[in-house]
Amino acid sequence: MAITEPTAERTTDHPGRTPEYPDYTVPGLSTEDGARVIALLASRLHALNDLSLTLKHIHWNVVGPHFIAVHEMLDPQTESVREMADAVAERISALGGVPWGTPGTLVAERDWQDYSVGRADAIAHLGALDLVLTGIVEDHRRARAEVASLDPVTEDLLLEQLRALEKFQWFVRAHLESCRGALSTAGARTEQQAAQEAATR
Ligand SMILES: [Fe+2]
């Protein structure tokens, strides 16, 4: 990691940066459509990189009676999300774009707040994580819907990832669900609210 160099401004005319339109893209796709798909995937790459770090953060900070179950549940999920990020980044490259995976760019370009729960009970973290996953699944679904008419290969990639993300959210929600099928965090709008409701019900 180069830590002694000054932070460089990234602009679209930077030689290593995705230009407004790629010079080439996959056969059968216009460069205009390729550029739109690349932009959608760039946002998904940030979301998946962010999620993989957040999952490790929870893995490290979870406490309480359910520690080992949640601590160990999150490792294979982290690995799966890292593979998703890799697949998205490589699709951007195949489309003629530049996958930008640095932390500073992620923070500068994301439109969500950093995960807000520190050391906390396992159930509290799962309440907050459920909200995180809801945001990612909704955004993935929106991106899939938009690429459907542009690039079925990217659509297939996002669809496959949605299947895994929604299964993961089911694993999380099963910890928050009553035998009548109600979620303890229903109605929570912030991670802190969800964490508190999950931990107290
Ligand atoms: Fe670990």
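The structure displayed is predicted, hence computed values, not measured ones.

### Comments concerning the overall build of the protein
So, step 1. The helix and strand tally for the protein stands at 6 helices and 2 strands.
So, step 2. For the protein, the succession of helices and strands along the chain, N to C, is α-β-α-α-β-α-α-α.
So, step 3. Oriented by its inertia axes, the alpha-carbon framework of the protein measures out at about 55 × 45 × 25 Å.
So, step 4. Here the protein holds 201 residues, and 35% of them are scored as buried.
So, step 5. At a minimum sequence separation of 6, the contacts of the protein that also span at least 24 residues come to 70%.

### Section: the environment of Tyr24
So, step 1. With respect to the helices and strands, Tyr24 occurs in the segment before α1 (31–61).
So, step 2. Overall, the presence of 11 C-beta atoms within 10 Å leaves Tyr24 in the exposed class.
So, step 3. When the C-alpha atoms of Tyr24 and Gly135 are compared, they prove to be 32 Å apart, with 111 residues separating the residues in sequence.

### A word on the UniProt feature "domain: Ferritin/DPS" (unreviewed entry) in the protein
So, step 1. This chain's UniProt record puts "domain: Ferritin/DPS" (unreviewed entry) on residues 38–180.
So, step 2. Helix makes up 76% of residues 38–180 and strand 3%, with an end-to-end C-alpha separation of 43 Å.

### Re the packing of helix α4 (residues 122–147) against helix α6 (residues 191–200)
So, step 1. As a packed pair, α4 and α6 sit with axes 7 Å apart at the nearest point and diverge in direction by 140 degrees. Regarding the angle of α4 to α6, the classification is oblique. For the crossing formed where α4 meets α6, the hand is right-handed. Contacts between α4 and α6 pair Ile123, Ala124, His125, Leu126, Gly127, Ala128, Asp130 and Leu131 from the former with Glu191, Ala194, Ala195, Glu197, Ala198 and Ala199 from the latter.
So, step 2. Of the residues assigned to the contact of α4 with α6, the class counts are 9 nonpolar, 2 polar and 3 charged.

### Quick notes on the nonpolar core
So, step 1. Judged by nonpolar contacts, the single largest core of 46 residues is most densely connected at Leu41, Leu45, Leu48, Val88, Ile92 and Leu126.
So, step 2. For this core, the secondary structure elements donating two or more residues are α1, α2 (67–94), α4, α5 (152–174) and α6.
So, step 3. In contact with Leu45, not counting residues within four places along its chain, are Ala85, Val88, Ala89, Ile92, Pro99 and Gly101.

### Observations regarding α2
So, step 1. Look at α2: 41 Å from first C-alpha to last across 28 residues, which is about the 40 Å you get at 1.5 Å a residue.
So, step 2. Here the buried face of α2 lies against α1, β1 (62–63), α4 and α5.
So, step 3. Residue Gly96 follows α2 closely and has a positive phi angle near 95 degrees.

### A short note on the environment of Pro27
So, step 1. With respect to the helices, strands and loops of the structure, Pro27 is situated in the segment before α1.
So, step 2. Its 5 C-beta neighbours within 10 Å are what place Pro27 among the exposed residues.
So, step 3. When the C-alpha positions of Pro27 and Ala108 are compared, they lie 32 Å apart, and in sequence the two are 81 residues distant.

### Considerations on the environment of Val88
So, step 1. Mapped onto the secondary structure, Val88 falls in helix α2.
So, step 2. Between the alpha carbons of Val88 and Thr154 there is a distance of 8.6 Å; along the sequence they are 66 residues apart.

### Digging into the packing of α1 against α4
So, step 1. At a minimum axis separation of 11 Å, α1 and α4 run at an interaxial angle of 165 degrees. Classed by the angle they form, the pair α1 and α4 counts as roughly antiparallel. The chirality of how α1 crosses α4 is left-handed. The segment α1 lies against α4, with Val37, Leu40, Arg44, Ala47, Leu51, Thr54 and Ile58 engaging His125, Leu129, Val132, Ile136, Asp139, His140, Ala143, Glu146 and Val147.
So, step 2. Per-class residue counts for the contact of α1 with α4 are 10 nonpolar, 3 polar and 3 charged.

### Re the confidence of the model for the protein
So, step 1. On average, the protein scores 91 in pLDDT, and the residues at 70 or more come to 91%.
So, step 2. This model gives residues 1–8 a pLDDT under 50, and the stretch forms 0 contacts once residues within four places in sequence are excluded.

Calculation criteria
Residues numbered from 1 in each chain as written. Predicted model: local features only at pLDDT ≥ 70, side-chain atom pairs only at ≥ 80, totals over all residues. Helix = DSSP H or I, 4+ residues; strand = E, 2+ residues; numbered from the N terminus. Buried ≥ 20, exposed ≤ 12 C-beta atoms within 10 Å, placed from the backbone. Contact = placed C-beta atoms within 7 Å. UniProt positions renumbered as here; feature names shortened; annotations may be inferred. Axes fitted to C-alpha atoms, helices over the stretch in contact; angles between N-to-C directions. Parallel < 35°, antiparallel > 145°, perpendicular 65-115°, else oblique. Left-handed = near helix turned anticlockwise from the far one by under 90°. Nonpolar A, V, L, I, M, F, W, Y, C, P; charged D, E, K, R; others polar. Core = buried A, V, L, I, M, F, W, Y, C linked by C-beta atoms within 7 Å. Expected span 1.5 Å × (residues − 1). pLDDT = per-residue confidence, 0-100.

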